[in-house]
Protein chains: 2
Amino acid sequence: MIATIIGVGLIGGSLAITLREKGMVSRVIGVDQQESNLQKARELNIIDEAASLEDALQRAKLIVLAIPVDALLQLLPAVLDKVQPHQVIVDMGSTKEKILQLVAGHPNRGRFVAAHPMAGTEYSGPEAAIPDLFTNRTMVLCDVMNSDEDALELVENLVDALQMRLVYMNAREHDLHTAYVSHISHITSFALALTVLKKEKEQGRIFELASGGFESTVRLAKSSPDMWVPIFKHNRSNVLDVLEEHIHQLEQMKQLLEAEDYDTFYKLIQKSNKIRKILK
Amino acid sequence: MIATIIGVGLIGGSLAITLREKGMVSRVIGVDQQESNLQKARELNIIDEAASLEDALQRAKLIVLAIPVDALLQLLPAVLDKVQPHQVIVDMGSTKEKILQLVAGHPNRGRFVAAHPMAGTEYSGPEAAIPDLFTNRTMVLCDVMNSDEDALELVENLVDALQMRLVYMNAREHDLHTAYVSHISHITSFALALTVLKKEKEQGRIFELASGGFESTVRLAKSSPDMWVPIFKHNRSNVLDVLEEHIHQLEQMKQLLEAEDYDTFYKLIQKSNKIRKILK
């Protein structure tokens with residue numbers, strides 16, 4: 001099977017490497033707005049060839065859209081317009097409700113499967129692509145009742161080959177839950193980096209002192225604004241809702257510290273420890 | 001050399017394992033308020049024997065205090081009272097100013113070296129002890145001009161054997177910088193866990209969807225309140241200062257989202273990306 005991957009960055013590139021490695025695709029055609037990305041992806045042997053969007057769309061059985069969600073919103077309708085009955089389109093977008101609303105009435109809607117891999121790193125671009133990015137992670141498929149049976153089956157087989165757990169959700173649920181388990185973590189990490197960069201004038205000291213704890217809470221702040229601003233934009237009301245609650249929790253901790261009420265602070269931390277049951 | 005380790009948890013236990021492995025100590029005597037910790041530490045071969053505080057203090061050349069900072073504040077003066085001229089006391093406490101103020105005028109102050117390893121995990125107790133916890137991490141030694149030369153030299157040799165980077169700081173500086181690079185990360189992680197636990201009623205969904213990003217920002221919320229409440233208490237004003245700035249940064253992001261000012265949001269994220277230069 002020939003696959004066209006639009007957006008040969010971290011996600012698209014990792015997918016290309018892994019699908020070829022698993023024998024699911026025989027040839028990968030890359031499409032990217034940035035010529036330099038295509039060149040790197042070819043050099044790194046992530047794609048077999050680069051092609052124009054039109055050419056790449058015509059020649060592939062599988063078309064993967066691995067681009068930021070704002071670009072996706074622009075491109076998906078045009079791709080759906082041109083899709084042939086034997087072709088399957090799948091996206092990798094981090095938000096789902098707006099995208100699925102946009103194409104809800106499209107005559108070729110059935111050829112499209114909406115997917116979101118719960119996987120990634122703080123790095124971007126084809127040089128960040130790695131073969132085991134998806135292993136043991138979750139792939140969410142949204143509103144699958146609106147996809148054609150054969151299209152869904154093809155994507156489910158891919159997910160299986162990637163050794164991912166498969167979860168089905170509607171788009172609304174998806175956007176709500178990802179606000180909690182992904183988007184808020186990024187907001188808090190960006191804010192933490194800004195806090196430290198502002199308050200800590202002696203930045204050499206950060207480097208000397210930073211231990212695993214700091215690195216793990218702040219590493220997401222290396223993430224690209226090109227990817228994340230569109231996510232916050234498209235999931236604005238859920239993100240605002242969770243962000244408000246997060247600020248409220250921090251305010252509460254601040255007040256307890258101000259009042260030197262360490263007993264209540266202790267109980268709050270004990271309560272937060274319950275996350276142990278949910279995380280491995 | 002015989003070492004007495006008071007507090008055979010994550011830090012004390014890891015130290016015992018590593019110092020013996022490196023041939024720096026020939027025998028480790030364990031002291032702990034919790035009998036079950038001593039029993040586990042013996043079973044896991046972390047210590048050679050358990051002893052009473054009095055007995056353990058008399059028989060060791062090196063005395064390590066690896067207990068929460070509030071317990072340290074209570075115990076250190078008594079240990080200093082009893083120290084013999086050939087013995088060396090070192091602590092592993094996460095805050096330093098209050099402790100060093102407390103023992104500033106003590107006649108045996110010179111036998112004490114104030115240390116803080118910038119290392120740890122979210123787990124606690126002797127079963128969490130691991131041999132490579134300290135490797136390539138930073139050990140901060142505070143106010144070393146108040147320690148006797150031979151005591152300091154012994155601790156510096158230990159740090160060297162642990163393959164740690166050595167950094168010297170005064171206690172005030174230490175408490176300020178650790179508020180930025182360690183304490184605030186824990187506060188934000190506790191708050192994030194509380195946010196998610198409160199807002200996300202379908203906790204199974206967290207488990208299904210949580211990717212590496214969520215896990216890394218929230219894993220510190222598994223940390224023990226027994227260790228962390230005393231730290232926040234003893235570094236209260238620095239922590240409050242950083243926490244205030246962090247809440248301010250989050251408020252700013254919230255306002256930008258509310259106003260849908262995505263250009264400024266983009267610039268903020270770009271600014272936070274500068275943390276790349278500081279973290280590896």
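Not measured: the values here are computed from a predicted model. (Residues numbered from 1 in each chain as written. Chains lettered and ligands numbered in written order. Predicted model: local features only at pLDDT ≥ 70, side-chain atom pairs only at ≥ 80, totals over all residues. Heavy atoms only, no water.)

Visitor: Give a description of unusual backbone geometry that names residues and reports values.
Guide: Residues and elements named next belong to chain B. Of note in this structure, Asp-143 is not a glycine but carries a positive phi near 45 degrees. You can see Asp-143 is positioned in the loop between strand S7 (138-142) and helix H6 (149-161). With a phi angle near 55 degrees, Glu-260 is a residue other than glycine that sits in the positive phi range. Counting through the fold element by element, Glu-260 comes out in the loop between helix H11 (236-258) and helix H12 (262-272). Assessed through its relative accessible area of 46%, Glu-260 is described here as partly exposed. (Helix = DSSP H or I, 4+ residues; strand = E, 2+ residues; numbered from the N terminus. Buried < 20%, exposed > 50% of the residue type's maximum accessible area, 1.4 Å probe, protein only.)

Visitor: Hey, could you go over the domain arrangement of chain A for me, with residue numbers and the actual values?
Guide: All names here are of chain A. By the assigned domains, chain A splits into domain 1 (2-170) and domain 2 (174-278). Taking only C-alpha atoms into account, the centre of domain 1 sits 30 Å from that of domain 2. Contact with domain 1, which involves 18 residues of that partner, is made by 19 residues of domain 2. Both sides of the domain 1 and domain 2 interface together cover about 1,500 Å² of buried area, and 63% of this is carbon and sulfur. The largest contributions to the domain 1 side of the interface with domain 2 come from Ser-94, Thr-95 and Glu-122, which together make up 37% of the buried area. Applying the counting criterion to the domain 1 and domain 2 interface returns one salt bridge. Of the charged contacts in the structure, one is a salt bridge between Arg-219 and Glu-122, with a shortest N-O distance of 2.7 Å. Applying the counting rule to domain 1 against domain 2 returns six residue pairs in polar contact (both at pLDDT 80 or more). (Domains from an automatic or database assignment. Contact = heavy atoms within 4.5 Å. Buried area = accessible area lost by both parts, 1.4 Å probe. Salt bridge = Lys/Arg side-chain N within 4 Å of Asp/Glu carboxyl O. Polar contact = N/O pair within 3.5 Å; in protein donor to acceptor, adjacent residues only side chain to side chain.)

Visitor: Can you lay out the relation of the copies chain B and chain A for me, pointing to particular residues and giving the numbers?
Guide: Superposing chain B onto chain A takes a rotation of 180 degrees plus a shift of 0.0 Å along the axis, which leaves an RMSD of 0.0 Å. On the angle and the small slide along the axis, the relation comes out as a two-fold axis. Measuring from the rotation axis to each C-alpha of chain B, the shortest distance belongs to B:Thr217, at 2.2 Å. Of all interface residues in chain B, 100% are interface residues in chain A too; the two copies therefore contact each other through one and the same surface. (Least-squares fit on C-alpha atoms with pLDDT ≥ 70 in both.)

Visitor: Describe the environment of A:Ile184, naming the residues involved and giving the relevant values.
Guide: Tracing the sequence through the fold places A:Ile184 in helix H7 (residues 171-199). Classification of A:Ile184 by relative accessible area gives buried; the value is 2%. Between the C-alpha atoms of A:Ile184 and A:Phe232, which are 48 residues apart in sequence, the distance is 9.5 Å. Not counting the four nearest positions on each side in its chain, A:Ile184 is found in contact with A:Ala179, A:Val242, A:Leu243, A:His246 and B:Leu192.

Visitor: Describe the sheet that holds strand S4 (residues 62-65) of chain A, listing the residues and the values that go with them.
Guide: Residue and element names in this part refer to chain A. Pairing in this open sheet of eight strands is mixed, and the strands run S3-S2-S1-S4-S5-S6-S7-S8 from one edge to the other. With partners counted over all chains shown, the strands left at the sheet margins are strand S3 (49-50) and strand S8 (165-169), one partner each. Two strands pair when backbone bridges link them, and strand S1 (residues 2-6) and S4 are joined in this way by four bridges, in the parallel orientation. Paired with Ala-3 across the two strands is Leu-62, which belongs to S4. Docked against the sheet, H7 engages strand S6 (112-117), strand S7 (138-142) and S8, running at close to 115 degrees with respect to S8. (Pairing = 2+ DSSP bridges. Axes fitted to C-alpha atoms, helices over the stretch in contact; angles between N-to-C directions.)

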